[in-house]
Amino acid sequence: MDFNDSKEEQAFRDEVRAWLASALPQGWGKTVFEPEDEDERAHFRIDWERKLFEGGWSGISWPTKYGGRGATLVEQGIFAEECARAQAPEGINVIGRNLTATTLIHHGNEAQRERYLPKILAAQEMWCQGFSEPNAGSDLASARCRAEPDGDDFIVNGQKIWTSFAQYSQWCILLARTDQHAPKHKGLSFFLVDMKSPGITIRPLTQISGEKEFNETFFEDVRVPKENLVGELNDGWRIAMTTLAYERGAEDALARQIRFKQELDLLIEKAQEVELGARRAIDDPAIRQRLAQSIVDLELMRMNCLREFSKAIKGETPGPESSLMKLYWSHVAQDMADMAMEVLGPETLLMQEDPDTIARGRFPMAFMQSRAFTIYSGTSEIQRNIIAERVLGLPK
Amino acid sequence: MNFDFNDEQYMFRDTVRDTLAAQFPIDLFRDSGEPVALEGPLWAQLAELGLFGLMVPEDQGGLGLGMVDFALIAEEFGAALVPLTVTDTIAASLILAKYAAAARAENLEKLASGELRVAFAAYEKNGGYDPSQFSTSLGADGSLSGRKLLVAGADRADMLLVVANDAAGEPGLYAVDAKGAGVVATREATLDITGDYHAVSFANAAAERIGGPDAGEFSLDLLATIAALGLAGIGGRMLDTTVAYVKERSQFGQPIGAFQAIKHRCADMAVDVNTARSGGYFAAWAMASADRAERQWAVSMGKAKANRMAVHVMRESLQLHGGMGYTWEMALHFPYRRGRHLEILYGTTEYHNERVLQGTMAQLAAG
């Protein structure tokens, strides 16, 4: 165990740092920020992903034959840390990189890997996730969206919900029922669906934050070629479990940890500026305790991720243990967002447009956004069931 | 970078775990009562495994390993409620190797073989946790006076390592002959009955300086790290015990572990134990490899998280055992008692939180 960089790792870190400094605009994070408009921001993030690819920073731990760097998760971790230090923008193709690609590496065929992986890396194709349905949320295996064989195609009919970034996506990973009579876990298949296919309709949903990141997606007689089936027919549930393990796993969590840490650093900075009457917020012992607790929780979120990385490097595939990651970080981040609302006084309530706002309204916005953390990628209640039954071995 | 232990470290851990499970089961506390009597045979077995020499340099009869190698073992010691005289003595070997003059070499050899028993005398009545506020101090003649609380196994110790201020008010670490003139140990009545603790009075006792403020701080950080790892061990043990119990205990016609109200609480315990381990391991690494600022920051993070985890996990464990959990016979109260001892003696969550915040603010100010 060594948390220090080796000589090679230090060189890699220096290289990342120098590149980020040259790639980000002058004054980034100080006077220059991401676009305010949601749509402009999405395109800004797509452009940033392409820039990362051109710089050779996409797929650091991916095999070289699919366009990756062939390095390890340690380098991936170093890269993430340096992005945090530079306050670099988030990517938008998380589903492509972290879910589709990892699933195809485990369960796809070679033709699928060669076709899709390089375009994910190059940020030429964005992906969305068609898993949840209005009546299949926590009980995902009861999904009713159907795929029926017809010649060389499947014909898909049904509705998906919470499809984040569908409006920017060229492709969708879809979980659909291919056997109506089998037990619910045994009748699902995993497909790759071209979002340009005739019969797909997207309807945006407005979130409590006012943003429109996610959608309802309707499939009406959508033709999906049989070559777009991943793995075996009716083996979709097992494949989807791989997808979900990555969605809940350490690589995803580390990227989030970095965003959360930026927010906490910003909060600590503001607590040193804002006066609560006679003293600065930072001089209030109760506030100091609350800030400290979030620091501890967030730093250990990183340590949890790094420990998982080492297991992955040793060859362990992510499984139900990834629910430990997700359950932990979602509550830690939500608690932090709640706390941030309570330490800077009344002006915390002012949103971005208001001249008296603090930190461009970041804290109330983060508070609203953070409500989703304990719901998406499986609610906390589902994560607890998974941990209890599949990690601790408690009876069903 | 590498964030995992190696195979040798896991194997050593397994050996220690098996030995403790066979030789030092929790039933001993319940059935035999007096912890001092239980310590003797255990001490000999641990010496045989070479554990007292774990961090003693090889040319002085030890294994020449470090804090990271000790981390998993400290966790096992915590889980098995091994007396704190054991961990104090092992911690002392690291302190003496790091700070003491060559004249202490003889001590290291004795430490490595288990012949020398050391107790840390750190905390005081009305002293809190900050060593600069301790009142035990050296007089103009260099002799040490004051009173320390909760010194583990002080009546059988050979050497006491005392955190005290010199005549100029500067904190440091001093070695005192535990059997020397002016040293009186009195057994205390404590919440933790899995070990024996003593108040030790020093009246112009002869003291040898081991090191200045850094040695004092390093010692307290080391004890806090070992406590954090011990708490992770206790948390893991209580989680395992609870999971096993709720699988067996049947009510309403099914194992209570099948109820979501129970499952979800077990899952939350598991998350907490996992994270406390991360904190403890990071603290152990920082003790071995980080500079002073990062070490203090990392240790306090590890200890603060271990404290919160332990309070949560121990409370849930007792609750999920129902009425049986409240019985002496069930023996859950032994780790609970030890857990609160470790939590409170080596720095409360609030104390360590404040150090973490100061560390983070210094990092942010430095850019």
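Residues numbered from 1 in each chain as written. Chains lettered and ligands numbered in written order. Predicted model: local features only at pLDDT ≥ 70, side-chain atom pairs only at ≥ 80, totals over all residues. Heavy atoms only, no water.

## Some details on the pattern of salt bridges
Move 1: For the structure shown, the criterion picks out 60 salt bridges over all chains.
Move 2: We note a salt bridge from B:Asp4 to A:Lys314, for which the minimum N-O separation is 2.7 Å. Here the residue B:Asp4 occupies a position in the segment before helix H1 (7–23), and A:Lys314 occupies one in the loop between helix H8 (285–313) and helix H9 (322–340), the pair thus bridging two chains.
Move 3: We note a salt bridge from A:Lys396 to A:Glu389, for which the minimum N-O separation is 3.8 Å.
Move 4: Here the salt bridges share partners, and the residues they tie into one network are A:Asp5, A:Arg13, A:Arg17, A:Glu81, A:Glu82 and A:Arg302. (Salt bridge = Lys/Arg side-chain N within 4 Å of Asp/Glu carboxyl O. Helix = DSSP H or I, 4+ residues; strand = E, 2+ residues; numbered from the N terminus.)

## Concerning unusual backbone geometry
Move 1: Here the phi dihedral of A:Ala123 falls at roughly 55°; this positive angle occurs in a residue that is not glycine.
Move 2: Within the element layout of this structure, A:Ala123 appears in the loop between helix H5 (110–121) and strand E1 (127–130).
Move 3: In this structure, B:Asn126 takes a positive phi of about 60° despite not being glycine.
Move 4: Along the chain, the position of B:Asn126 falls in the loop between strand E1 (118–121) and strand E2 (137–138).

## Describing helix H9 (residues 292–320) of chain B
In an α-helix, one turn spans 3.6 residues; hence positions three or four apart end up facing the same way.
Move 1: Along its 29 residues, H9(B) runs 41 Å from first to last C-alpha, staying within 8% of the 42 Å computed at 1.5 Å per residue.
Move 2: Of all the 29 residues making up H9(B), 22 are buried; the element is thus mostly covered by neighbouring parts of the structure. (Expected span 1.5 Å × (residues − 1). Buried < 20%, exposed > 50% of the residue type's maximum accessible area, 1.4 Å probe, protein only.)

## A closer look at the interface of chain A and chain B
One widely used convention gives an interface's size as the accessible area the parts lose upon coming together.
Move 1: Counting residues at the interface gives 45 residues for chain A, matched by 46 residues for chain B.
Move 2: Buried area between chain A and chain B, summed over both chains or domains, comes out near 4,400 Å², and the portion from carbon and sulfur atoms is 64%.
Move 3: Counting the surface chain A buries against chain B, the share from its top three residues, A:Met1, A:Phe3 and A:Arg307, is 18%.
Move 4: Linking chain A to chain B there are five salt bridges.
Move 5: The closest approach of N and O atoms between A:Glu389 and B:Lys263, which form a salt bridge, is 2.5 Å.
Move 6: On the surface where chain A and chain B come into contact, there are 21 residue pairs in polar contact (both at pLDDT 80 or more). (Contact = heavy atoms within 4.5 Å. Buried area = accessible area lost by both parts, 1.4 Å probe. Polar contact = N/O pair within 3.5 Å; in protein donor to acceptor, adjacent residues only side chain to side chain.)

## Overview of the nonpolar core
Move 1: Judged by nonpolar contacts, the single largest core of 175 residues is most densely connected at B:Met67, B:Phe70, B:Phe77 and B:Leu161.
Move 2: If one sorts the elements of this core by residue count, helix H7 (residues 213–248) of chain B sits on top with 17 residues.
Move 3: With near-sequence residues (within four places) excluded, B:Met67 lies in contact with B:Met55, B:Leu94, B:Leu222, B:Thr225, B:Ile226, B:Leu229, B:Ala284, B:Met287 and B:Ala288.
Move 4: Among the nonpolar cores identified, the runner-up in size contains 28 residues, and A:Tyr116, A:Trp127, A:Ala136 and A:Leu188 belong to it. (Core = buried A, V, L, I, M, F, W, Y, C linked by side-chain atoms within 4.5 Å.)

## Section: the domain arrangement of chain B
Residue and element names in this part refer to chain B.
Move 1: Annotation of chain B at the domain level lists domain 1 (7–113), domain 2 (118–211) and domain 3 (216–366).
Move 2: Each partner contributes to the interface: domain 2 provides 17 residues, whereas domain 3 provides 16 residues.
Move 3: For the pairing of domain 2 and domain 3, the buried interface totals around 1,600 Å² over both sides, and the portion due to carbon and sulfur atoms is 72%.
Move 4: Aspartate 192 serves as the salt-bridge partner of arginine 338, at 2.9 Å between the closest nitrogen and oxygen.
Move 5: Taken together, domain 2 and domain 3 are joined by four residue pairs in polar contact (both at pLDDT 80 or more).
Move 6: For the side of domain 2 that touches domain 3, the class distribution of residues is twelve nonpolar, three polar and two charged. (Domains from an automatic or database assignment. Nonpolar A, V, L, I, M, F, W, Y, C, P; charged D, E, K, R; others polar.)

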